[in-house]
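Residue strings, one per chain:
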Amino acid sequence: MVFWEGYVSDEVMGIFAPIIIYWLYAGFYQLLPPLDGYRLHTRKEEEEKNLVPLSKVVKGVLLQQLLQAAVAHVLFLLTSTADESGIMIQPSIPIQIVQIIIGMFVMDTWQYFMHRYMHQNKFLYRHVHSQHHRLVVPYAIGALYNHPLEGLLLDTVGGAISFLISGMTARTSVIFFGFATVKTVDDHCGLWLPGNIFHIFFQNNTAYHDIHHQLPGTKYNYSQPFFSIWDKILGTHMPYTLVKRPEGGFEARLVKD
């Protein structure tokens, strides 16, 4: 039993929940006061280093989400296994948890290798992935600011493969993609807030990904959105230390082995 049952289908929730969650969570960060004491970059750095205005970022994210919704719709049409009465038999909670864990591993694997290849292939980096790195100082709304081709290959196709391999239902996918969306937004929020559970439970967090957006760190910390396993296995893990800036806030500094 879920709160939307009887109002909208699991498939409709699976299509629109990640989009709604994205704008609610990213909008929450956008509406916060400056919080200069917790920023990983100063507001001046954000204004000077970022190469694209907020309005263009919003349009880019909306385009990616349109493609994402279209693919999700087709995916649910092709994989629906409802019985004659239209009822989908849901797996037990333990099975759903296992499916979500499998989905996390599959998504991490797909995104690590696609993300790394987009850095190593000069053509793809110059013409596709560099669009995301125009936000040198990441912020929450820009989490999904990508070239449309990258948005399709890295995020949307990666999500579809995670859904198919894990065997999750549309209902389980609402939880999985909702959580993945929140984690992705948080990794780009640019704030090191006390008590943030993602900073406590995940090594792959806001500061970890901030290192990747810095020029010396672009060939490291490719892992996203959940764990840093592949970086550690394949030698692209770059540790960091958080240093308090005299004027307030923190700086994530690379710590080379």
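Residues numbered from 1 in each chain as written. Predicted model: local features only at pLDDT ≥ 70, side-chain atom pairs only at ≥ 80, totals over all residues. Heavy atoms only, no water.

### Some remarks on the pattern of salt bridges
The test is simple: Salt-bridge detection follows one rule: a side-chain nitrogen of Lys or Arg within 4 Å of a carboxyl oxygen of Asp or Glu. A simple rule labels every residue: compare its accessible area, found with a 1.4 Å probe on the protein chains alone, to the largest value its type can have, and call it buried under 20%, exposed over 50%, or partly exposed in between.
According to the stated counting rule, one finds eight salt bridges in the structure shown. Notably, a salt bridge pairs R39 with E46, separated by 2.7 Å at the nearest N-O pair. Between E247 and R245 there is a salt bridge whose closest N-O contact spans 3.5 Å. Assessed through its relative accessible area of 11%, R245 is described here as buried. Beyond isolated ion pairs, a larger network of salt bridges with shared partners links E5, D10 and R171.

### A few points about the pairing of strand β1 (residues 240–244)
For clarity, the threshold we go by: When DSSP finds at least two bridges between two strands, those strands are taken to pair. A run of DSSP states H or I qualifies as a helix once it reaches four residues; a run of E qualifies as a strand once it reaches two. Both are numbered from the N-terminal end.
The pairing of β1 with strand β2 (residues 250–254) spans five bridges and is classified as antiparallel. Bridging from a neighbouring strand, Y240 pairs with L254 of β2. Where β1 folds back onto β2 in an antiparallel hairpin, the turn is made up of five residues, including G248, whose phi is positive at roughly 115 degrees.

### A word on the layout of surface pockets
Over the atoms a probe the size of a water molecule is rolled, and this reveals where empty space is left. The line we're drawing: Grid points spaced at 1 Å over the protein atoms alone were grouped into cavities, where a 1.4 Å probe fits but cannot get out, and pockets, open sets with protein on both sides within 12 Å along at least five of seven lines, with lining residues defined by an atom within 4 Å of a point. Grid points are joined across faces, edges and corners, and a volume is the space filled by probe spheres set on the points. All amino acids are sorted into three groups, where Ala, Val, Leu, Ile, Met, Phe, Trp, Tyr, Cys and Pro are nonpolar, Asp, Glu, Lys and Arg are charged, and the leftover types, Gly among them, are polar.
Reported here for the largest pocket is a volume of approximately 300 Å³. Considering the residues around the largest pocket, the lining is formed by 18 residues, among which Y29, P34, R39, E46 and Y139 are closest to the centre. Taken together, the elements giving at least two residues each to the lining of the largest pocket come down to α1 (10–31) and α2 (43–49). Of the residues in the lining of the largest pocket, the class split is twelve nonpolar, three polar and three charged.

### Description of unusual backbone geometry
The omega torsion across Q224 and P225 is -5 degrees, close enough to zero to call that bond cis. Positionally, P225 belongs in the loop between α9 (206–213) and α10 (229–233). Positive phi is not limited to glycine here, since N221 has a value of about 55 degrees. Checked against the element boundaries, N221 lands in the loop between α9 and α10. The exposure class assigned to N221 is buried, which follows from its relative accessible area of 0%.

### Examining the packing of helix α6 (residues 148–166) against helix α7 (residues 170–187)
Keep this limit in mind: Angles here are taken between N-to-C directions and fall from 0 to 180 degrees, while the axes themselves are lines fitted to C-alpha atoms, restricted in helices to the stretch in contact. For this classification, under 35 degrees means roughly parallel, over 145 means roughly antiparallel, 65 to 115 means roughly perpendicular, and everything else is oblique. The crossing is said to be left-handed when, going from far helix to near helix, the turn is anticlockwise and less than a right angle, and right-handed when the turn is clockwise. In this description, contact between two residues means that some pair of their heavy atoms is separated by no more than 4.5 Å.
Between α6 and α7, the shortest axis-to-axis distance is 11 Å and the interhelical angle comes to 130 degrees. Between α6 and α7, the angle is such that the two are oblique. Considering the relative orientation of α6 and α7, their crossing is right-handed. Counted together, G159, S162 and F163 of α6 and A170, S173, F176 and F177 of α7 form the full contact between these two elements.

### Let's talk about the UniProt feature "domain: Fatty acid hydroxylase" (unreviewed entry) in the protein
Worth spelling out the cut-off: UniProt positions are given in the numbering used here, feature names are shortened, and annotations may be inferred rather than shown by experiment.
Feature annotation in UniProt places "domain: Fatty acid hydroxylase" (unreviewed entry) on residues 101–236, given in this structure's numbering. Secondary structure over residues 101–236 splits into 60% helix and 0% strand, and the C-alpha atoms at its two ends are 23 Å apart.

### As for α6
Operational definition: Residue count minus one, scaled by 1.5 Å, sets the expected span of a helix. Bend is the name given here to the angle between axes fitted to two runs of seven residues, the run ending at a residue and the run starting at it.
Between its first and last C-alpha atoms α6 spans 26 Å; for 19 residues at 1.5 Å apiece the expected length is 27 Å, and the two agree. In the structure, α6 departs most strongly from a straight axis at V157, where the bend amounts to approximately 30 degrees. Looking at the buried side of α6, the elements it contacts are α3 (54–79), α4 (93–120) and α7. Just past α6, the residue G167 takes up positive phi, approximately 75 degrees.

### As for empty space enclosed by the protein
In the structure shown here, the tally under the stated rule is one cavity of 30 Å³ or more. Of the voids in this model, the largest cavity is the one considered here, and its volume is about 560 Å³. Considering the residues around the largest cavity, the lining is formed by 35 residues, among which Q68, M107, D155, T156 and F177 are closest to the centre. A class-by-class count of the residues in the lining of the largest cavity yields 17 nonpolar, 15 polar and three charged.

### Digging into the UniProt feature "transmembrane region" (unreviewed entry) in the protein
In the numbering adopted here, UniProt assigns the feature "transmembrane region" (unreviewed entry) to residues 12–32 and 93–113. End-to-end, the C-alpha atoms of residues 12–32 are 30 Å apart, and along that stretch the chain is 95% helix and 0% strand. Taken end to end, residues 93–113 comprises 100% helix and 0% strand; its first and last C-alpha atoms sit 31 Å apart.

### Looking at the packing of α3 against α6
The geometry of α3 relative to α6 is characterised by a closest axis approach of 10 Å and an angle of 30 degrees between their N-to-C directions. When the axes of α3 and α6 are compared, the pair comes out roughly parallel. Regarding α3 and α6, the two cross each other, and that crossing is right-handed. Of α6, the residues touching α3 (which contributes L63, Q64, L67, Q68, V71, L75, F76 and T79) are P148, G151, L152, D155, T156, A160, F163 and L164. Tallied by class, the residues present in the contact of α3 with α6 amount to ten nonpolar, five polar and one charged.

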